[in-house]
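# Observations on the three-dimensional arrangement
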Amino acid sequence: MLIVRKTERIEGVVNAPPSKSYTHRAVIGASLAEGTSRIKNPLNGDDCLSSVHGCRMLGAEIELNEEEWVVNGTSPQTPDNIIDIGNSGTTLRILTGVSSQIPKGYAILTGDDSIRKRPMQPLLDALKQLDIEAFSSKENGTAPIIVKGGKLKGDVVKIRGDISSQFITSLMMTLPFNENDTEIFLTSPLKSKPYLEITMDVLGKFGIKIDETEKGFLVYGNQKYKAIDYTVEGDYSSASYLVAAGVLFNSDITINNLFKDSKQGDKAIIKIVKEMGADVKVKDDKVIIKGEYNLEGIDIDVKDIPDLVPTISVLACFAEGKTTIYNGEHVRLKECDRLSACAKELSKMGAKITEKPDGLIIEGVKKLKGAKLNTYHDHRLVMAFTIAGMKAEGETVIEGEDAVKISFPNFVDVMKSLGANIGVK
Ligand SMILES: O=C(O)C1=C[C@@H](OP(=O)(O)O)[C@@H](O)[C@H](O)C1
Ligand SMILES: C=C(OP(=O)(O)O)C(=O)O
């Protein structure tokens, strides 16, 4: 567990860790390409290693080095065991689609307690429309998922866009194997759209062509992934905890490795803290913060930025006035129900939070007190609550800190290097 105590000042220069979303797509795309791809600056986090494991099970050869992953790709092969993808929703969703391209037999994908609660049915229904047999072994729409190798058929697939964009990423990565061009027709408004921009960005590098249409997307048929050398950019979701610390504390910090023109929706963290009143500077690939700032509550639409909710919730507790987080029904469908978890756990510290079906209303209280917090094995809660604990009076105990290995393995060391008062027990 982490024992977090009040921290007075943070200072230093740190690198944002590599992007989790980009690493997943790069390693899976490389695994589908004939030939050798090199992925530089990959995220060595548990979720991305789940993608590595899944791709190996489907036939790719992957050599992991600190600075670079070397991938020898192939068309998907029938795995000789079940594929355990741990805690990674992105891996489960993308590889469910990709597994349909094994030449014979079945692929079975499963994972931990949390992953076996994440919705899958819309993706299974979509694959069925394309003549692929894919189903939940429990028949309740969750993993274990069984996918039968088969030929994709058809030229249109209908799917809702409001549960998880990862279903659509999965289709985008699988449909180039269809002989026909396929239209992805969205039957409800899209959430988390920037993640599809990330998918199209990476797939474009692999030579895969997808167009956005009025109703969704058009994935061209009969396409081949080509092997590439690819460098992964920094992760704005992970950087959001550093940004939050920068604005909440007396600080002088520089965060490197944040690409200014990134497709990542979570680069909105910069805009959000500015709107709340912080004077954050962006210079090339650096974010420079000299805090602390008096923040003001604002209204925030989290439709496209679900992963920022824990960070925003903590910022809002220390702001003046009311913050309304809305359009976030899908935030409940992550590693845990993050709306309910933020409301429940931060309230233990004295936060004033009202839970709504699609968000949170947070009355800034300016001060929190230390408490023992449950993190539901959720990496983003561990990191957001650590920042809250550093600002609180007294001691905060955070359980399940191991979860940071999922997306920001050296989070505790980075925070301590900046001067955070954190002990590990
Ligand atoms: O595709 C991705 O890399 C992700 C998509 C988002 O999920 P949803 O599309 O389910 O909202 C996000 O929450 C997740 O952390 C990563
Ligand atoms: C929800 C997340 O990831 P995934 O969907 O891949 O489990 C996350 O990283 O916050």
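Here the structure is a predicted model, which is why all the values come from computation and not from measurement.

Our next topic: the packing of aromatic side chains. Inspection of every chain in the model, using the stated rule, returns 4 aromatic pairs. Arranged with centres 6.3 Å apart and planes meeting at 80 degrees, the rings of Tyr241 and Phe411 form a pair that is edge-to-face. Taken together, the residues span a long stretch of sequence, with Tyr241 in helix α7 (residues 236–248) and Phe411 in helix α12 (residues 411–417) at a distance of 170 residues. On the basis of relative accessibility, which here comes to 0%, the residue Tyr241 falls in the buried class.

Once that is clear, we can look at the site of ligand 1. Around ligand 1, 13 residues are found, and the nearest of them are Ser164, Ser165, Ser192, Asp307 and Lys334. In the environment of ligand 1, an oxygen atom lies 2.6 Å from a nitrogen or oxygen atom belonging to the side chain of Lys334. Compared with its free state, where it exposes 390 Å², ligand 1 has 95% of that area covered by protein. The greatest single-element share of the shell around ligand 1, amounting to 3 residues, is contributed by helix α1 (residues 20–31). When its residues are assigned to classes, the shell around ligand 1 shows 2 nonpolar, 7 polar and 4 charged. In this structure, the shell around ligand 1 is formed jointly by two domains, domain 1 (2–17 + 234–424) and domain 2 (20–218), each of which donates at least three residues.

Hydrogen bonds along the backbone pair up the strands of a sheet, which may run parallel or antiparallel. Within the open sheet, the 4 strands sit side by side as β4-β5-β3-β14. Their pairing is mixed. Since the sheet does not close on itself, it has two edges, and those belong to β4 (61–64) and β14 (229–231), each with one partner. For this sheet the average axis-to-axis angle between neighbouring strands, irrespective of direction, equals 15 degrees. Strand direction decides the pairing type here: strand β3 (residues 35–40) and strand β5 (residues 68–73), joined by 6 bridges, are antiparallel. Pairing of Ser37 across the sheet is with Val71, part of β5. Along the sheet face, α1 touches β3, β4, β5 and β14 and points at about 35 degrees away from the line of β5.

Let us look at the site of ligand 2. Inspection of the region around ligand 2 gives 14 residues, with Lys20, Thr90, Arg118, Arg338 and Arg380 positioned closest. Arg118 is positioned with one of its side-chain polar atoms (N or O) 2.7 Å from an oxygen atom of ligand 2. Gln166 is positioned with one of its side-chain polar atoms (N or O) 3.0 Å from an oxygen atom of ligand 2. Bound to the protein, ligand 2 loses 98% of the 290 Å² it would expose on its own. Elements with a contribution of two residues or more to the shell around ligand 2: α3 (89–99) and α11 (379–391). Residues from two domains meet in the shell around ligand 2; each of domain 1 (2–17 + 234–424) and domain 2 (20–218) gives at least three.

Relative to strand β17 (residues 286–289), strand β15 (residues 250–256) is paired through 3 bridges, and the arrangement is antiparallel. What sits directly across from Ile253, in β17, is Ile289. Summarising the sheet, strand β16 (residues 281–283) and β17 pair through 3 bridges and their orientation is antiparallel. Bridge pairing links Lys281 to Ile288 in β17. Connecting β16 to the antiparallel partner β17 that follows it, the hairpin turn spans 2 residues, and Asp284 within it adopts a positive phi of roughly 50 degrees.

Attention now goes to the UniProt feature "binding site: phosphoenolpyruvate" (unreviewed entry) in the chain. UniProt's entry tags Lys20, Gly89, Arg118, Gln166, Arg338 and Arg380 with the feature "binding site: phosphoenolpyruvate" (unreviewed entry), counted in the numbering of this structure. Residues in contact with Arg118, not counting those within four places in the same chain, are Asn87, Gly89, Arg93, Gly141, Thr142, Gln166, Leu333, Lys334 and Glu335. Considering the arrangement of structural elements, one finds Arg338 in helix α10 (residues 338–348). Judged by its relative accessible area of 1%, Arg338 falls in the buried class. Residues contacting Arg338, with those up to four places away along its chain left out, are Asp307, Pro310, Val331, Arg332, Asp378, His379 and Arg380. Of the polar contacts made by the side chain of Arg338, one reaches the side chain of Glu335; its length is 2.9 Å.

This part covers the sheet that holds strand β22 (residues 372–373). Strand order in the open sheet formed by 4 strands is β22-β23-β1-β24, and the pairing between neighbours is mixed. Of all strands in the sheet, those bounded by a partner on one side alone are β22 and β24 (422–424).

This part is about the UniProt feature "active site" (unreviewed entry) in the chain. In the numbering adopted here, UniProt assigns the feature "active site" (unreviewed entry) to Asp307. Among the structural elements, Asp307 can be located in the loop between β18 (299–301) and α9 (309–317). Here Asp307 is in contact with Tyr195, Tyr241, Asp266, Lys334, Arg338 and Arg380, once residues within four sequence places are set aside.

This part covers helix α6 (residues 194–205). Compared with the 16 Å implied by 1.5 Å per residue over 12 residues, the 17 Å span of α6 between its first and last C-alpha is a close match. The element α6 is extensively covered by neighbouring structure, given that 9 of its 12 residues are classed as buried. Every buried residue belonging to α6 is among Pro194, Tyr195, Leu196, Ile198, Thr199, Met200, Asp201, Val202 and Leu203, and all of these are buried. For α6, the elements touching its buried residues are α1, α5 (166–174), β12 (210–212), β13 (216–219), β14 and α7. Looking one or two places after α6, you find Gly207, whose phi comes out positive at around 85 degrees.

The rules we used
Residues numbered from 1 in each chain as written. Chains lettered and ligands numbered in written order. Predicted model: local features only at pLDDT ≥ 70, side-chain atom pairs only at ≥ 80, totals over all residues. Heavy atoms only, no water. Phe/Tyr/Trp six-rings, centres within 6.5 Å; stacked < 30°, edge-to-face > 60°. Helix = DSSP H or I, 4+ residues; strand = E, 2+ residues; numbered from the N terminus. Buried < 20%, exposed > 50% of the residue type's maximum accessible area, 1.4 Å probe, protein only. Near = heavy atom within 4 Å. Polar contact = N/O pair within 3.5 Å; in protein donor to acceptor, adjacent residues only side chain to side chain. Areas by Shrake-Rupley, 256 points an atom, 1.4 Å probe, with all protein chains shown as cover. Nonpolar A, V, L, I, M, F, W, Y, C, P; charged D, E, K, R; others polar. Domains from an automatic or database assignment. Pairing = 2+ DSSP bridges. Axes fitted to C-alpha atoms, helices over the stretch in contact; angles between N-to-C directions. Contact = heavy atoms within 4.5 Å. UniProt positions renumbered as here; feature names shortened; annotations may be inferred. Expected span 1.5 Å × (residues − 1).

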